Amino acid sequence: MSHENERDPNCIFCKIIEGKIPSKKLYEDDEFLAFHDIDPWAPIHFLVIPKKHRASMAHLTDGDAAMMGRLMLLIPKLALEAGCEPYPEGGYRIVTNTGKNGGQEVHHLHWHVMGGPRPWLRG
Ligand code: 5GP
Ligand code: ZN
């Protein structure tokens, strides 16, 4: 499945998907890409993005429901693969910033997944 027509040429995360900007990838399939955050807050901090460009949670429509479901099931698997210890002693935090007041800086929908021993730098 190709999402080439669902990219924003000015979007930094679309450029990461296309390999125009390098990233440390953790996982990739037809629909999603996971890569390490360039400025981690926690010992484990990676981002999961859909390959379809969606600017934020506020841009999702009913047609994105299945994608969102698959994503929510993928994240716990990736967190363990990335080294997060199992629930309940371990675990991880999942964050999606949305809009200016939500603290969103990159306007390509993404989930922060953070874990590892505390204390963390932030979050
Ligand atoms: P936001 O504030 O939009 O939720 O988070 C954007 C995140 O993307 C930040 O944690 C930031 O460190 C990360 N980020 C921004 N640019 C790049 C980049 O070029 N490569 C990687 N790996 N992470 C980036
Ligand atoms: Zn994008």
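Residue numbering note: each chain is counted from 1, following its sequence as written. To read the labels, note that chains go from A and ligands from 1, taken in the order they are written. Note on the predicted model: pLDDT of at least 70 is required for a residue's local features to be given, and 80 or more for side-chain atom pairs to be given and counted; whole-chain, interface and lining totals, by contrast, use all residues. With hydrogens and water set aside, each side-chain value is computed from the structure's full complement of heavy atoms.

Some remarks on the overall build of the chain
Working step 1: By definition, any uninterrupted DSSP run of H or I lasting at least four residues is a helix, any uninterrupted run of E lasting at least two residues is a strand, and each is numbered from the N terminus. A tally of regular secondary structure across the chain gives two helices and five strands.
Working step 2: Each helix and strand of the chain, ordered N terminal to C terminal, gives the series α-β-β-β-α-β-β.
Working step 3: In this treatment the radius of gyration is a C-alpha quantity, and the globule benchmark scales as 2.2 Å times the residue count to the 0.38 power. A globule of 123 residues ought to have a C-alpha radius of gyration of about 14 Å, and the chain, at 14 Å, matches this closely.
Working step 4: Across its three principal axes, the chain shows a C-alpha extent of roughly 40 × 30 × 25 Å.
Working step 5: The buried label applies to any residue whose accessible area, calculated with a 1.4 Å probe on protein chains only, is under 20% of its type's maximum; exposed applies above 50%, and partly exposed to all values in between. For the chain, buried positions account for 41% of its 123 residues.
Working step 6: Surface exposure of the chain reaches about 7,400 Å², of which carbon and sulfur atoms provide 53%.
Working step 7: Considering the chain, the positive charge centre built from 14 side chains and the negative charge centre built from 16 side chains are found 4 Å apart. Only the protein chains shown count as cover for residues, with accessible areas throughout obtained via the Shrake-Rupley method and a probe of 1.4 Å. Residues scored as positive are Lys and Arg, those scored as negative are Asp and Glu, and His as well as the terminal groups of each chain are ignored. The location of each charge is read from NZ of Lys, CZ of Arg, CG of Asp or CD of Glu.

Observations regarding the coordination of the zinc ion (ligand 2)
Working step 1: For Na, K and Ca the donor cutoff is 3.2 Å, while for all other metals N, O and S atoms count as donors only within 2.8 Å; water does not appear among the atoms, so some sites may look incomplete. Of the protein atoms, only Cys-11 (SG), Cys-14 (SG), His-53 (ND1) and His-108 (ND1) coordinate the zinc ion (ligand 2), at distances of 2.0 to 2.3 Å.
Working step 2: Donor residues for the zinc ion (ligand 2) sit on one chain with the sequence pattern C-x2-C-x38-H-x54-H. Of this pair, Cys-14 sits in helix α1 (residues 12-17) while His-53 sits in the loop between β3 (44-50) and α2 (65-81), and the two are 39 residues apart along the sequence.
Working step 3: Residue classification places Cys-14 among the buried residues on the basis of a relative accessible area of 1%.
Working step 4: With a relative accessible area of 17%, His-53 lands in the buried category.

Focus on the pattern of salt bridges
Working step 1: What counts as a salt bridge is simple: a side-chain nitrogen of Lys or Arg found within 4 Å of a carboxyl oxygen of Asp or Glu. Applying the stated criterion to the full structure yields seven salt bridges.
Working step 2: Close ionic contact of Glu-18 with Lys-20 constitutes a salt bridge, the shortest N to O distance being 3.2 Å.
Working step 3: Ionic pairing is found between Glu-28 and Lys-25, a salt bridge with its closest N-O pair at 3.4 Å.
Working step 4: Overlapping salt bridges, with partners in common, bring together Glu-6, Arg-54 and Asp-64 in one network.

Focus: the nonpolar core
Across soluble globular proteins, you tend to see nonpolar side chains buried next to one another.
Working step 1: Side-chain atoms within 4.5 Å are what join buried Ala, Val, Leu, Ile, Met, Phe, Trp, Tyr and Cys residues into a set we call a nonpolar core. In terms of nonpolar packing, the biggest core is built from 16 residues, with Phe-46, Val-48, Leu-71, Ile-75, Leu-78, Trp-111 and Val-113 touching the most fellow members.
Working step 2: For this core, the elements supplying multiple residues, two or more each, are β2 (32-36), β3, α2 and β5 (111-115).
Working step 3: Looking at which element gives the most residues to this core, the answer is α2, with seven residues.
Working step 4: In this view, Val-113 contacts Ile-44, His-45, Phe-46, Val-48, Ile-75, Ala-79, Tyr-92 and Arg-93; residues no more than four positions away in its chain are not counted.
Working step 5: Grouped together as the second largest cluster of nonpolar side chains are nine residues, Cys-14, Leu-33, Phe-35 and Leu-47 included. Whether two residues touch is decided by their heavy atoms; if any such pair falls within 4.5 Å, the residues are in contact.

Remarks on the pairing of strand β1 (residues 25-28)
Working step 1: Whether two strands pair comes down to DSSP finding at least two bridges between them. Here β1 runs beside β2; their pairing, made up of three bridges, is antiparallel. Its bridge partner being in β2, Lys-25 is matched across the sheet by Phe-35.
Working step 2: Between β1 and β2, which pair antiparallel in sequence order, lie three residues.

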